[in-house]
Amino acid sequence: QQQVKQSPQSLIVQKGGISIINCAYENTAFDYFPWYQQFPGKGPALLIAIRPDVSEKKEGRFTISFNKSAKQFSLHIMDSQPGDSATYFCVGTSGSRLTFGEGTQLTVNP
Amino acid sequence: DAGVIQSPRHEVTEMGQEVTLRCKPISGHNSLFWYRQTMMRGLELLIYFNNNVPIDDSGMPEDRFSAKMPNASFSTLKIQPSEPRDSAVYFCASSLAFSPEKLFFGSGTQLSVL
């Protein structure tokens, strides 16, 4: 009930390509869906987030698509850059409790 | 603001020793979280505090783990006695109570128990 399933586990994309990471959740009590980005040696940092009453949110090259009926959401990174190489976590939140997905290690080749 | 400050950055200890990890949250933040990150289990919430009061400690693995928040600017996570399976990166994070989904993480403490 608490899990957030994330795929793929790792992703390699060429510079300028589109990176897509998918997540599925079970807990219908989740009320906010952030994505966190983590660079090696650092803690995760909030990247972008969406509420379940919205189907899409775009911030620069980053877009979240949300399908409430399917209980799925995804992160799209347009024009991927080597500096985007990091681990990305999708998250479901219920109150103060955040449930992290397993993470996707993204590598963007120059 | 310097962000969430954790110390030490690295800790190497021997099995059976006591380990204390420290955290200074962002000034003004009233929620504080301790997470553990491993390859096998990912990011796990251990405990979180609201206004210095422990709210949910269901993620604390066992009685060897304890956490305190004596005031709004300081928290500790203690492991006594430590075991090799406790080896992980431990993160502290803080947030404002009205936006709990926006966590600010520290850089973590890499703990190795030999």
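Data block above holds the structure.
This report concerns the structure included in the present document. Every value quoted in this text rests on a predicted model; they were computed, and no experiment measured them.

Conventions we followed
Residues numbered from 1 in each chain as written. Chains lettered and ligands numbered in written order. Predicted model: local features only at pLDDT ≥ 70, side-chain atom pairs only at ≥ 80, totals over all residues. Heavy atoms only, no water. Phe/Tyr/Trp six-rings, centres within 6.5 Å; stacked < 30°, edge-to-face > 60°. Buried < 20%, exposed > 50% of the residue type's maximum accessible area, 1.4 Å probe, protein only. Contact = heavy atoms within 4.5 Å. Buried area = accessible area lost by both parts, 1.4 Å probe. Polar contact = N/O pair within 3.5 Å; in protein donor to acceptor, adjacent residues only side chain to side chain. Helix = DSSP H or I, 4+ residues; strand = E, 2+ residues; numbered from the N terminus. Nonpolar A, V, L, I, M, F, W, Y, C, P; charged D, E, K, R; others polar. Salt bridge = Lys/Arg side-chain N within 4 Å of Asp/Glu carboxyl O. Disulfide = S-S within 2.5 Å. Pairing = 2+ DSSP bridges.

1. Comments concerning the packing of aromatic side chains
No. 1: Counted under the stated rule, the structure contains 18 aromatic pairs over all chains.
No. 2: Geometrically, the ring pair formed by A:Tyr25 and A:Phe33 is tilted, given 4.7 Å between the ring centres and 45 degrees between the ring planes.
No. 3: Since its relative accessible area comes to 7%, A:Tyr25 is described here as buried.
No. 4: Cluster of aromatic residues (ring-pair linked, three or more members): A:Tyr36, A:Phe89, A:Phe100, B:Phe33, B:Tyr35, B:Tyr48, B:Phe91 and B:Phe105.

2. A word on the interface of chain A and chain B
Note: interface size is frequently given as the accessible area lost on complex formation between the parts.
No. 1: Between chain A and chain B, the contact holds 17 residues from the first and 17 residues from the second.
No. 2: Summed over both partners, the interface of chain A with chain B buries about 1,400 Å², with 55% contributed by carbon and sulfur atoms.
No. 3: Its largest share of buried area at the contact with chain B, chain A owes to A:Ser96, A:Arg97 and A:Phe100, together 36% of the area lost on that side.
No. 4: At the boundary of chain A with chain B, the tally comes to 4 residue pairs in polar contact (both at pLDDT 80 or more).
No. 5: Taken together, the elements giving at least two residues each to the side of chain A that touches chain B come down to strand 4 (33–38), strand 9 (86–94) and strand 10 (97–100) of chain A.
No. 6: Split by residue class, the side of chain A that touches chain B holds 8 nonpolar, 6 polar and 3 charged.

3. Quick word on the pattern of salt bridges
No. 1: Counting across every chain of the model gives 12 salt bridges over all chains.
No. 2: A salt bridge links A:Lys5 to A:Glu102; its shortest N-O distance comes to 4.0 Å. With A:Lys5 in strand 1 (residues 4–7) and A:Glu102 in the loop between strand 10 and strand 11 (104–109), the pair connects residues that are 97 residues apart, well separated along the chain.
No. 3: For A:Glu102, a relative accessible area of 43% translates into the label partly exposed.
No. 4: Measuring nitrogen to oxygen at the nearest pair gives 3.5 Å for the salt bridge that ties B:Glu83 to B:Arg64. Remark: B:Arg64 occurs in the loop between strand 6 (53–56) and strand 7 (65–71) and B:Glu83 occurs in the loop between strand 8 (74–79) and strand 9 (88–95); sequence separation between them is 19 residues.

4. Comments concerning the state of the cysteines
Residues and elements named next belong to chain A.
No. 1: Under the defined criterion, the tally for this structure stands at 2 disulfides over all chains.
No. 2: The disulfide partner of Cys23 is Cys90, and the S-S distance across this bridge is 1.8 Å. The chirality of the disulfide connecting Cys23 with Cys90 is left-handed, given an S-S dihedral of about -95 degrees. One end of the pair, Cys23, is in strand 3 (residues 19–25); the other, Cys90, is in strand 9, with 67 residues separating them in the sequence.
No. 3: Residue Cys90 is classed as buried on the basis of its relative accessible area, which comes to 0%.

5. Some details on the side chain of B:Ser82
No. 1: Locating B:Ser82 in the fold gives a position in the loop between strand 8 and strand 9.
No. 2: A polar atom in the side chain of B:Ser82 sits 3.5 Å from the backbone oxygen of B:Glu14.

6. A word on the pairing of strand 3 of chain A
Residues and elements named next belong to chain A.
No. 1: Side chains Ser19, Ile21, Cys23 and Tyr25 project from strand 3 onto a buried face, and the interleaved Ile20, Asn22 and Ala24 project onto a face without burial.
No. 2: The sheet contact formed by strand 1 and strand 3 spans 4 bridges and is antiparallel. The residue of strand 3 that forms the bridge with Lys5 is Ala24.

Functional significance is not addressed by these values, which are geometric in nature.
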